[in-house]
Amino acid sequence: MSIVDHFVAGRPYAGSGDRLGPVFDPALGVETRRVRLAAPEDVDAAVAAATAAFPGWRDMSWARRQEVLFTFREALNRRRRELAEIITAEHGKVLSDAEGEIARGQEVLEFALGMPHLARGGYSENVSTGVDVYTVRQPLGPVAVISPFNFPAMVPMWFLPMALATGNTVVLKPSEKDPSAANWLAALLKEAGLPDGVFNVLHGDKVAVDGLLDHPGVQAVSFVGSTPIARHVYERATRAGKRVQALGGAKNHMLVLPDADLDMAADAAVNAAFGSAGERCMAISVLAVVDSVADDLIGRIRERIGRIKVGDGRRGCDMGPLVTGEHRDKVAGYIDEAEKDGAEVVVDGRGVRADGPAEGFWLGPTLIDRVGRDSRVYTDEIFGPVLSVVRVRDLAEGIHLINDGAYGNGTAVFTTNGGAARTFQREVQAGMIGINVPIPVPVSFYSFGGWKQSMFGDTKAYGEQGVHFFTREKAITSRWPATGTREFDLGFPQNA
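First, a word on scope: everything that follows refers to the structure included in this document. Once a new chain begins, its residue numbering starts again from 1 and follows that chain's sequence as written. Where totals are concerned, whole chains, interfaces and linings use all residues; where local detail is concerned, this predicted model gives features only for residues with pLDDT of at least 70, and gives and counts side-chain atom pairs only at 80 or more. Neither water nor hydrogens contribute to the side-chain values; these are computed over all heavy atoms in the structure.

Observations concerning the overall build of the protein chain
Secondary structure summary: the protein chain contains 15 helices and 23 strands in total. Relative to the compact-globule value of 23 Å for 496 residues, the protein chain shows a C-alpha radius of gyration of 25 Å, a close match. With the principal axes as the frame, the protein chain shows a C-alpha extent of 90 × 60 × 40 Å. When each of the 496 residues of the protein chain is scored for burial, the buried share is 56%. In what follows, a contact means two residues having at least one pair of non-hydrogen atoms within 4.5 Å. Put simply, 72% of the contacts in the protein chain that link residues at least 6 apart link residues at least 24 apart. Under the convention used here, a 1.4 Å probe and the Shrake-Rupley method define accessible areas, while residue burial counts only the protein chains that appear. Summing over all exposed atoms, the protein chain offers an accessible surface of approximately 20600 Å²; the carbon and sulfur share of this is 50%. For the charge count, each Lys or Arg is scored as positive and each Asp or Glu as negative, with His and the chain ends excluded. Charge positions are represented by NZ for Lys, CZ for Arg, CG for Asp and CD for Glu. Each charge class in the protein chain was averaged separately, 53 positive and 62 negative side chains, and the resulting centres sit 3 Å apart. Note on conventions: DSSP H or I runs of at least 4 residues are helices, E runs of at least 2 residues are strands, and numbering of each starts at the N terminus. Radius of gyration: over C-alpha atoms. The globule rule applied is 2.2 Å multiplied by the number of residues raised to the 0.38 power. Here's how the labels work: a residue is buried when its accessible area is under 20% of the maximum for its type, exposed when over 50%, partly exposed in between, all with a 1.4 Å probe on protein chains only.

Here it is in structure tokens:
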């Protein structure tokens, strides 16, 4: 069985650890390869490589760095399908979804190619007699990126282009569940001319994560994952003096008002709840619908769910398996719990007939009505193809329902009333808002991040905030005196 090695200093690296983790093909339900799990010494080796490469990459011209990233962009365009097949084989999402993930990640790469103007400083001449003040933005040094299983290409590409374009070096710790995409990206970057050690891949579990959070050579940490781990990353890394952006979990609501286009709302709910088998932090997991149109909307959603083809993502299906059998069983357990709580399971995905081997990690789209607001099915981030319906009286109760939750990642309202939409966008407590858009992920030149327990740290991902995260400002005050001697002056400097 093949083993996925680390990628350090421009080449595969077996490391000193002897622990291995299983990597599955979720559609087949079988282990296909194993991945090395880093020992503390491997963390040191990856950071040492990034540290050694930093001065040369930092001092390379912007033009040359941009040339490397542009070459990488062109190669990624040509070989996108190859990467999508790797993602589908280890994550399980259908090929079209995998290609879409790559395309969204590439948007950030293309933003990075045109962002030097955002990393420039300013200059003020003669702020005092003969005195000029100017600022420069400089890279931080070696930075760590810790990414989740659900987007093994897109999430790393939220951070890598930003970090690399601004002159930093990177150690990426991808999920051990689907590690191969990270190595593929590392090899392609090397082919594009990236110097050895500028980008390194360290595989592993908590040992690798905590090693990066504690390592004195790591200057900043970017993380995406569940809220408990995001909080751990933020608290531990900031305690070690690092800059941190830690994006956590979510329980995203889609509020449907009586005046909404119900066919549009039904399409949006199905797409946003069951795309990528619901394994998305921006998935809609709660449908908050005004009671007067709830039955009608639920009927339309149920009809659409009946047309979803679940199966192997390489067979032209609409929705693939979940990433592991353990996760599939955990998500199915929430459906069991909903029944015990008295909710109505309108569509039950536990008995789905999938186009794939019975051993695959299958769970079909599930729609649950009248979910209690104190039920774990409502409060927990399930991270699977389960859409919970909570009925509300009106716009005000819908906003209160959303704001009363612990999370604040994304949310959406469906309405044809501009006043209602404006009230919603002003009053709802979430970082990303959709108006008749179910998954309001910002384009690359804005920034991604939530509120409350969905985001730890002050700087969001990519966009202008991403530039600021991966650089720090230095202010220089200069005076060039005329030739000749001057008497000393112990007085406080005056602005004159």
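Re the sheet that holds strand β23 (residues 471–479)
Sheet strands associate in pairs through backbone hydrogen bonding, adopting either a parallel or an antiparallel arrangement. Read across the sheet, three strands follow the order β6-β7-β23 without closing on themselves; strand pairing throughout is antiparallel. In this open sheet, the two edge strands, each paired with only one partner strand, are β6 (123–128) and β23. Across this sheet, the average inter-strand angle for adjacent strands is 30°, counted without regard to direction. Taken together, the three bridges between β6 and strand β7 (residues 131–139) define a ladder with antiparallel strand orientation. Paired with Y123 across the two strands is Y134, which belongs to β7. For two strands to be treated as a pair, DSSP must find no fewer than two bridges joining them. Axis lines are fitted to C-alpha atoms, over the contacting stretch for helices. Their N-to-C directions set the angle, which ranges from 0 to 180 degrees.

What about a nonpolar patch on the surface?
Taken together, the side chains of V443, F445 and Y446 make up a nonpolar region of the molecular surface, amounting to roughly 340 Å² of accessible area. Of the residues examined, F445 reaches a relative accessible area of 55% and is grouped as exposed. Patch construction takes residues with relative accessible area above 30% that form no salt bridge. Like charges are linked within 9 Å, and nonpolar side chains (Val, Leu, Ile, Met, Phe, Trp, Tyr) are linked within 5 Å. We define a salt bridge as a side-chain nitrogen of Lys or Arg found within 4 Å of a carboxyl oxygen belonging to Asp or Glu.

Comments concerning the environment of D374
Relative to the helices and strands, D374 is located in the loop between β16 (366–369) and α12 (376–379). Judged by its relative accessible area of 73%, D374 is exposed. When the C-alpha atoms of D374 and R104 are compared, they prove to be 36 Å apart, with 270 residues separating the residues in sequence.

Some words on helix α6 (residues 180–191)
In this analysis, the expected span of each helix is defined as 1.5 Å times one less than the number of residues it contains. Between its first and last C-alpha, α6 extends 17 Å over 12 residues, near the 16 Å set by a 1.5 Å rise per residue. Of all 12 residues in α6, nine are buried, a share of seventy percent or more. Taken together, the buried positions of α6 are occupied by S180, A181, A182, N183, W184, L185, A186, L188 and L189. Remark: G193 follows α6 within two positions and exhibits a positive phi of approximately 105°.

So, the pairing of β7
Counting the residues in the hairpin turn of β6 and β7 gives two residues, including G130, whose phi is positive at 75°. When β7 meets β23, the two strands line up antiparallel, connected through nine bridges. Counted as the bridge partner of V136 is K474 from β23.

Observations concerning the packing of aromatic side chains
Any two of the Phe, Tyr and Trp rings considered here, Trp counted by its six-membered ring, make a pair once their centres fall within 6.5 Å; the pair's planes then place it as stacked at under 30 degrees, edge-to-face at over 60, or tilted in between. The full count for this structure, using the stated rule, is 10 aromatic pairs. With 6.3 Å between their ring centres and 40° between their planes, Y234 and F456 make a pair best called tilted. One end of the pair, Y234, is in helix α8 (residues 227–239); the other, F456, is in strand β22 (residues 455–456), and 222 residues separate them in sequence. According to the relative accessible area criterion, F456 is buried, its value standing at 13%. On the basis of an interplanar angle of 85° and a centroid distance of 5.0 Å, the ring pair of F469 and F470 is categorised as edge-to-face. F470 shares its class with F469; the two are buried. Put simply, the rings of W158, F159, F448 and Y462 touch in pairs and so form one group of aromatic residues. The criterion for a charge sitting over a ring is simple: Lys NZ or Arg CZ within 6 Å of the ring centre, and within 35 degrees of the ring normal. When the ring centre of W62 is taken as reference, the NZ or CZ atom of R65 above it lies at 4.8 Å.

Things to note about unusual backbone geometry
Trans peptide bonds make up the majority, and among non-glycine residues the majority have a negative phi. The backbone phi angle of N126 is positive, close to 60°, even though this residue is not glycine. For N126, the location among the structural elements is in strand β6. Residue class for N126 comes out partly exposed when judged on its relative accessible area of 49%. One non-glycine residue, R370, lies in positive phi territory at about 55°. Along the chain, R370 falls in the loop between β16 and α12.

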